[in-house]
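# Coordinate analysis (summary)
These are the residues of each chain, in order.
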Amino acid sequence: MTKIGNTLIISFIIFSCILLPFIIFSCMLTPVIGAAAENEIRIADNAGDWGYPSPYLAYGRGPGYLRMHFIFDTLVWKDETSDLIPLLAEDWEYIPEEEAYIFNLVKNAKWHDGESVTANDVAFTIDYMKEHPYGWVVLDSVDRAEAVDEHTVNIYMSSPYAPFIEDIGGTMPILPEHIWKDVENPIDYLESDAFIGSGPFKYVDFSKEHGTYNYEAYDEYYLGKPNVDTLIYAKTGDTQMALQLGEVDLASIKPEMTETLTEEGFVVIAGPHYWNKKLMINHNNEPLDSVVFRQALAYAIDQDEFVDKSLRGYGKPASYGLISSESKWASPNVPEYPYDPDKAKEMIESLGYELNDGVFTKDGEPLKFVVLVSMIGIGGQSMPDRDGEILKNQLEKVGIEVDLTSLETKIVDQKVINWDFDLAISGHGLIGGDPKSLYDGVIQAPNSKPSPFTARYDKCEELNSLLDDLMHEMDPVKRQEAVFEAQNVYARELPAISLYYPTWYYAYNPDAGVEWFYTTGGIAKGIPIPQNKIAMMRSNAQGDGGIEQTPMQATDNAQDTPMMPFLGVFAILAAFYIKRSKRKP
């Protein structure tokens, strides 16, 4: 072998010893770099199916709205302090003389198919939802909407509407006219473009069978690409265990586990009391149609026992005025019904019932109700509780027979809507935001989709008048007076009986890159679930509630590639050996 050949072999061996570790290291580093670039957030949910994430297809409870709100934006939004912040509208004002709201839209918003968002889309949405009522928004007080120019829209009211900004501006998803103008029946519309919105995330897929949702970040989102690339809702039987095993990044947890999970490095957040478990009452039937009898039920119910036994102490008794006692709108003078079974019996006897062998009877018939129960919990999480058992024992102590029937939440909801029940233990949020929630809890608004937590009670003219003032009084002081008195009358009439507020806990993995939070008053019109999309539209470093555009990712410049220095070395060595090989011996 020649001297040059020996030199080449030795040099190649030395070069390989130098280069091979770099190649191995680079191969190991590449997946790490890729993982860092692909930021995925997984949220646990044990219910799963909340409907397709399109406005008319999402199920009419809070989790259904949240599945949709990642895709479709509203005109305005709420940060964690409940301050209104711009979304599709960069600014807005109310002109009292014209009874009109003027919204100036952002200039760079686009639909997920690349079309521009314009004032025509907003005006179209108003017209479309007036023709095809959308369950979350009632537009009876809106006369019309007019696009003044490409980015200015005026919404004219037919009458004053006090909750407008939060209830419509901050809750109504804006629809793309170029898609929905040809949709005659939105309830049945399941084409792929039914999921084209202008929000921070694009729809990827939904498995009704498995209860999973998959979203991807919208790169051209007008407020900047979210700092989360992929968002997934994962159905899991034990949300807390899924979190501890690293399968998800956000989950509801058992209250007793807060200390343990904190020690394990998770961030635990306790929710405000914007969700109530309540007893729905079919007041169309005797004796439930009697105010006296409903008040007797309230005296027969021991709220503290529910808190102690069903919540294990993690909660508190609810206000009989429906609006959360922690809301800024809570009345200080709501009537109370301290537990008094003897008084309950006296009130029932005043209605002509006789107590025989521990059971009230009238005309030879026992006083008996079927009570529907489900495992509904805050945030749509199905949680076993003792509510039915506790209520049965309490009512039987005052001479009322009870048959418990346990059903899935959606079946109970439908039976309540159809008046196919006596009493039903249900629950809902929306009681911490605008006091329109009190109106929604009592009145079935015309042309609106029936709600399972609306009492549909219109038998008290005083309450009807106060609720009307609550909706239409534009003077803040006078409106607050109406709100306070409406709660007081509601608590006297008891169209339904609120039982308790659970203290609910969520925990999240801070290393996943999102700081989750509860929104004061609840998301949109009051959803008390810590999944505000704002959390994924700002960096963790920003704590003031504003939206911070996600910093641009590193460029693809050659000097930023880890292999480049080593490829440079290889090129120099290769040139050296080629030059040597050309020399004559």
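Everything here concerns the structure above.
Residues numbered from 1 in each chain as written. Predicted model: local features only at pLDDT ≥ 70, side-chain atom pairs only at ≥ 80, totals over all residues. Heavy atoms only, no water.

## Thoughts on the overall build of the protein chain
When helices and strands are tallied, the protein chain shows 16 helices and 22 strands. Partitioning the contacts of the protein chain with sequence separation of at least 6, the portion at a separation of at least 24 is 71%. Summing over all exposed atoms, the protein chain offers an accessible surface of approximately 25500 Å²; the carbon and sulfur share of this is 53%. (Helix = DSSP H or I, 4+ residues; strand = E, 2+ residues; numbered from the N terminus. Contact = heavy atoms within 4.5 Å. Areas by Shrake-Rupley, 256 points an atom, 1.4 Å probe, with all protein chains shown as cover.)

## Regarding the layout of surface pockets
Its boundaries defined by the atoms lining it, the largest pocket holds a volume of some 690 Å³. Lining the largest pocket are 33 residues, and of these Gly60, Gly135, Lys449, Pro450 and Ser451 sit closest to its centre. Across the lining of the largest pocket, the residue classes break down as 19 nonpolar, seven polar and seven charged. (1 Å grid on protein atoms, 1.4 Å probe; cavity = no way out; pocket = protein on both sides within 12 Å on 5 of 7 lines; lining within 4 Å. Points joined across faces, edges and corners; volume = space filled by probe spheres on them. Nonpolar A, V, L, I, M, F, W, Y, C, P; charged D, E, K, R; others polar.)

## Overview of the pattern of salt bridges
Here the structure, examined in full by the defined rule, presents 28 salt bridges. Where Glu326 meets Lys316, a salt bridge forms, and the shortest distance between an N and an O atom there is 3.2 Å. In this pair, Glu326 is assigned in the loop between strand S14 (315–317) and helix H10 (341–349) and Lys316 in strand S14, connecting sequence segments ten residues apart. With relative accessibility at 26%, the residue Lys316 sits in the partly exposed group. Residues Arg479 and Asp434 are paired through a salt bridge, measuring 2.9 Å at the closest nitrogen-oxygen approach. Of this pair, Arg479 sits in helix H15 (residues 476–493) while Asp434 is found in the loop between strand S20 (423–428) and helix H13 (436–442), placing the two residues 45 residues apart along the sequence. For Asp434, a relative accessible area of 12% gives the class buried. Shared partners join several salt bridges into a network, and the residues in it are Asp167, Lys436, Asp440 and Lys525. (Salt bridge = Lys/Arg side-chain N within 4 Å of Asp/Glu carboxyl O. Buried < 20%, exposed > 50% of the residue type's maximum accessible area, 1.4 Å probe, protein only.)

## Thoughts on the nonpolar core
Core analysis: the largest hydrophobic core is formed by 118 residues, its most contacted members being Leu75, Phe103, Phe164, Trp180 and Trp516. For this core, the element with the highest residue contribution is helix H3 (residues 119–131), accounting for seven residues. In contact with Trp516, other than residues within four places in its own chain, are Ile41, Ile43, Leu250, Ile269, Tyr508, Pro530, Gln531, Asn532, Ala535 and Met536. Counting 38 residues, the second largest nonpolar core, distinct from the first, contains Phe306, Tyr320, Tyr353 and Ile425. (Core = buried A, V, L, I, M, F, W, Y, C linked by side-chain atoms within 4.5 Å.)

## Considering the sheet that holds S20
Within the open sheet, the six strands sit side by side as S14-S21-S13-S20-S18-S19. Their pairing is mixed. Two strands in the sheet have a free side with no partner beyond their single neighbour: S14 and strand S19 (401–406). When the angles between neighbouring strand axes are averaged without regard to direction, this sheet yields 25 degrees. As paired elements, strand S13 (residues 276–281) and strand S21 (residues 496–502) share four bridges and run antiparallel to each other. Paired with Met280 across the strands is Ala496, a residue of S21. (Pairing = 2+ DSSP bridges. Axes fitted to C-alpha atoms, helices over the stretch in contact; angles between N-to-C directions.)

## Thoughts on empty space enclosed by the protein
Per the counting criterion, the structure on display carries two cavities of 30 Å³ or more. Taken as a whole, the largest cavity spans an internal volume of roughly 90 Å³. Contributing to the lining of the largest cavity are Glu166, Asp167, His428, Gly429, Leu430, Asp434, Lys436, Ser437, Asp440, Gly441, Phe453 and Lys525. Residue assignment for the lining of the largest cavity shows that the elements contributing at least two residues are helix H4 (164–169) and H13. Looking at which element gives the most residues to the lining of the largest cavity, the answer is H13, with four residues.

## Re the sheet that holds strand S6 (residues 142–149)
What the four strands build is an open sheet, ordered S4-S5-S7-S6; its pairing is antiparallel. Since the sheet does not close on itself, it has two edges, and those belong to strand S4 (89–95) and S6, each with one partner. Geometrically, the sheet is characterised by an average inter-axis angle of 20 degrees between neighbouring strands, direction not taken into account. Across the sheet, H3 is in contact with strand S5 (100–105), S6 and strand S7 (152–157); its angle to S6 comes to roughly 165 degrees.

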